[in-house]
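The chain contents come next:
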Amino acid sequence: MSHPERLSSSGGEHAGAVAAPPPLNGKSGESLSQLASRYGLTQSAARPPLAQYVRDVWQRRMFIWNFASSKSMAMYTSSRLGQLWQVLTPLLNAFIYYLIFGVLLQQKRGITDYIPFLVTGVFIFSFCQRSMTAGAKSIGNNLSLIRALHFPRAALPFAFVIVELQHLMVAMGVLFAIVLGFGEFPTWHWILIVPVLALQLVFNIGASLFIARLGAFVRDIQQLLPFILRTWFYFSGIFFGLWVLATKAPTWAMKILELNPGSVYVELARRSLLTSYRHDMAAKQVESLQLCNGGGPKAAGYCAQHAELVSMNQTVWIYAIGWAVVAFMAGFYYFYRAEERYGRG
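All values derive from a computational prediction rather than experimental measurement.

Participant: Give a detailed account of the overall build of the protein chain, specifying residues and quantitative values.
Facilitator: Broken down by element type, the protein chain carries 14 helices and two strands. Every one of the 345 residues in the protein chain was classed for burial, and the buried ones make up 45%. Taking as baseline every contact in the protein chain between residues at least 6 positions apart, the subset at least 24 positions apart corresponds to 77%. Roughly 18,500 Å² of accessible area belongs to the protein chain as shown, and the carbon and sulfur atoms make up 66% of that amount.

Participant: Just give me the short version of the pattern of salt bridges, but keep the residues and values in it.
Facilitator: Opposite charge on two side chains allows them to pair when their charged atoms are near. Considering all chains together, one arrives at three salt bridges under this definition. Of the charged contacts, one joins Arg271 and Glu267 as a salt bridge, the two residues approaching to 2.8 Å between their closest N and O atoms. Of this pair, Arg271 and Glu267 both sit in helix 11 (residues 261-273), four residues apart, roughly one helical turn. For the residue pair Arg271 and Glu267, the accessibility class agrees, reading buried in each case.

Participant: Which residues make up the side chain of Arg270, and what values go with them?
Facilitator: Positionally, Arg270 belongs in helix 11. The side chain of Arg270 sits in the buried core without any salt bridge; Glu267 is the nearest counter-charge, 5.2 Å away. Here the side chain of Arg270 touches Gly237 through a polar contact of 2.9 Å, landing on its backbone oxygen. Excluding residues that lie within four positions of it along the chain, Arg270 makes contacts with Phe117, Thr120, Gly121, Gly237, Ile238 and Tyr277.

Participant: If you had to explain the environment of Val122 to someone new, which residues and values would you point to?
Facilitator: Relative to the assigned elements, Val122 resides in helix 5 (residues 114-137). Taking C-alpha positions, Val122 is 8.5 Å from Phe239, a pair spaced 117 residues apart along the chain. Those residues in contact with Val122 that lie beyond four places of it in its chain are Pro90, Asn93, Ala94, Tyr97, Phe233 and Ile238.

Participant: I'd like a description of the side chain of Gln166, backed by residues and values.
Facilitator: Tracing the backbone through its elements, the reader meets Gln166 in helix 7 (residues 155-181). For Gln166, a relative accessible area of 16% gives the class buried. In this structure the side chain of Gln166 is engaged in a polar contact, spanning 3.2 Å, whose partner is the side chain of Ser69.

Participant: Pulling in residues and values, what's your account of the packing of helix 8 (residues 193-217) against helix 9 (residues 221-234)?
Facilitator: Packing of helix 8 against helix 9 leaves a shortest axis separation of 11 Å and a crossing angle of 145°. Our pair here, helix 8 against helix 9, has a crossing hand that is right-handed. Facing helix 8, whose interface residues are Phe203, Ile211, Leu214 and Gly215, helix 9 presents Ile221, Gln222, Leu225 and Trp232. Its residues assigned to classes, the contact of helix 8 with helix 9 shows six nonpolar, two polar and no charged.

Participant: Describe helix 10 (residues 251-259), listing the residues and the values that go with them.
Facilitator: Of all the residues in helix 10, the buried ones are Ala253, Met254, Leu257 and Glu258. For helix 10, the buried positions fall inside an angular range of 145° around the axis, keeping them on one side.

Participant: An account of the packing of aromatic side chains is needed here, citing residue identities and associated values.
Facilitator: Two numbers describe a pair of aromatic rings. These are the distance of the centres and the angle of the planes. One pass over the structure, following the stated rule, counts 22 aromatic pairs. With centroids separated by 5.7 Å and ring planes inclined at 40°, the aromatic side chains of Phe203 and Tyr265 adopt a geometry described as tilted. Here Tyr265 lies in helix 11 and Phe203 lies in helix 8, a separation of 62 residues in the sequence. On the accessibility criterion, Phe203 (4% relative accessible area) is buried. Looking at Tyr265, the relative accessible area reads 1%, which means it is buried. Here the aromatic cluster, defined as three or more aromatic residues joined through ring pairs, consists of Tyr53, Phe158, Phe328, Phe332, Tyr333 and Tyr336. Just above the ring of Phe151 sits the side chain of Arg153; from NZ or CZ to the centre is 5.0 Å.

Participant: Before we move on, can you summarise helix 8 with the specific residues and values?
Facilitator: With 25 residues, helix 8 should cover 36 Å at 1.5 Å per step; its first-to-last C-alpha distance of 36 Å lies within 8% of that length. Among the 25 residues of helix 8, 18 are classified as buried, and the element is accordingly described as predominantly covered.

Calculation notes
- Per chain, residue numbering runs from 1 following the sequence as it is written.
- Side-chain atom pairs in this predicted model are given and counted only at pLDDT of 80 or more, local residue features only at pLDDT of at least 70, and totals for whole chains, interfaces and linings cover all residues.
- Side-chain numbers come from the whole structure's heavy atoms, not from hydrogens or water.
- Secondary structure is summarised from DSSP: a helix means a run of H or I of at least four residues, a strand means a run of E of at least two, and numbering begins at the N terminus for each.
- Per-residue accessibility, obtained with a 1.4 Å probe over protein chains only, is compared with the maximum for each type, and a residue is labelled buried under 20%, exposed over 50%, and partly exposed between these values.
- Pairs of residues are marked as contacts when any of their non-hydrogen atoms sit within 4.5 Å.
- Residue burial considers only the protein chains on display, and all accessible areas are found by Shrake-Rupley using a 1.4 Å probe.
- Between Lys or Arg on one side and Asp or Glu on the other, a salt bridge is scored when a side-chain nitrogen of the former is within 4 Å of a carboxyl oxygen of the latter.
- In this charge count, Lys and Arg are treated as positive and Asp and Glu as negative; neither His nor the chain ends contribute.
- Here a polar contact is taken to be a pair of N or O atoms separated by no more than 3.5 Å, where protein atoms must pair a possible hydrogen donor with a possible acceptor and residues adjacent in sequence count only if both atoms sit in side chains.
- A fitted line through C-alpha atoms serves as each axis, taken over the contacting stretch for helices, and the angle formed by two N-to-C directions is quoted from 0 to 180°.
- It is the rotation of the near helix from the far one that decides the hand of a crossing: anticlockwise by less than a right angle makes it left-handed, clockwise makes it right-handed.
- Asp, Glu, Lys and Arg are counted as charged, while Ala, Val, Leu, Ile, Met, Phe, Trp, Tyr, Cys and Pro are counted as nonpolar; the rest, among them Gly, fall into the polar class.
- To be clear, the arc concerns the directions from the helix axis to the C-beta atoms.
- Put simply, two rings from Phe, Tyr or Trp (the six-membered ring, in Trp's case) pair if the centres are within 6.5 Å, and we call them stacked under 30 degrees between planes, edge-to-face over 60, tilted for the rest.
- In this scheme, Lys NZ or Arg CZ marks a charge over a ring once it lies within 6 Å of the ring centre and within 35 degrees of the ring normal.
- Here the expected length of a helix is defined as 1.5 Å per residue gap, with one fewer gap than residues.

This is the structure we're talking about:
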């Protein structure tokens, strides 16, 4: 009989010695985790430190942009009108809302140029609305990509918000044409639309990251989210000036409307692009001051609840910056905490 650790031919000739395989646990009593640590092995899906994770996301910035561009180009390839739907969709929505709220319900009273007012609100809010909807699906709809490649998962919500930003850029060209068509001429205020959209982009990314984590583990959020966003849409002053609610809602409700990020970015966009809206706001401010100075219980209630809704001061910029910073930091950290769990199951 040949030696158990040697190979031999059928004629009994030794072919050479073969070392016996080492025990699975390495040294006696050594666990698999200790063995992995001894040989420098790490978990492939482990969550890196936060600073490293931020660097990883930044290093994938070209991947994020190119992934977003390919998604944007492929989104309407199956339709005959193709990329034209990027413009037609918000325009058709604005037309329907104009018929309902502008013509039937006469919400355009007190607003000089209602169509630019309405279209600006619809386009700007739709950017927020579509970003959150895409964020909710960004993980669940890309599980094959997540399981096949190793990359920071936050790149997916980032990319889907960039897709919506690219669509918005096309829609903004149409918005500028509508605004000019109604006699609004460019002023230095138009420059302010750039920081407005930049702040909204940061806010949308943060909100999308937050919802992306929820959507990854609670799929029902994708069914519930449209109802939440539609309700938010109706309470954000898209169809009417918020000042009309000043004498109809309690003080706490007016404060919520004032702080509402959905109306904050819309308000800033309207102030930036529409000279007629700035004039309407100035007239409402004079009217409110006259009512407040007139005395009586109605005047007292009006002044108490009116807050900043007809003010032309810079408080709304503080709200916009605050929402952008808080939403981005909170959303990014909340998403990062579940990094190693995405794609499992």
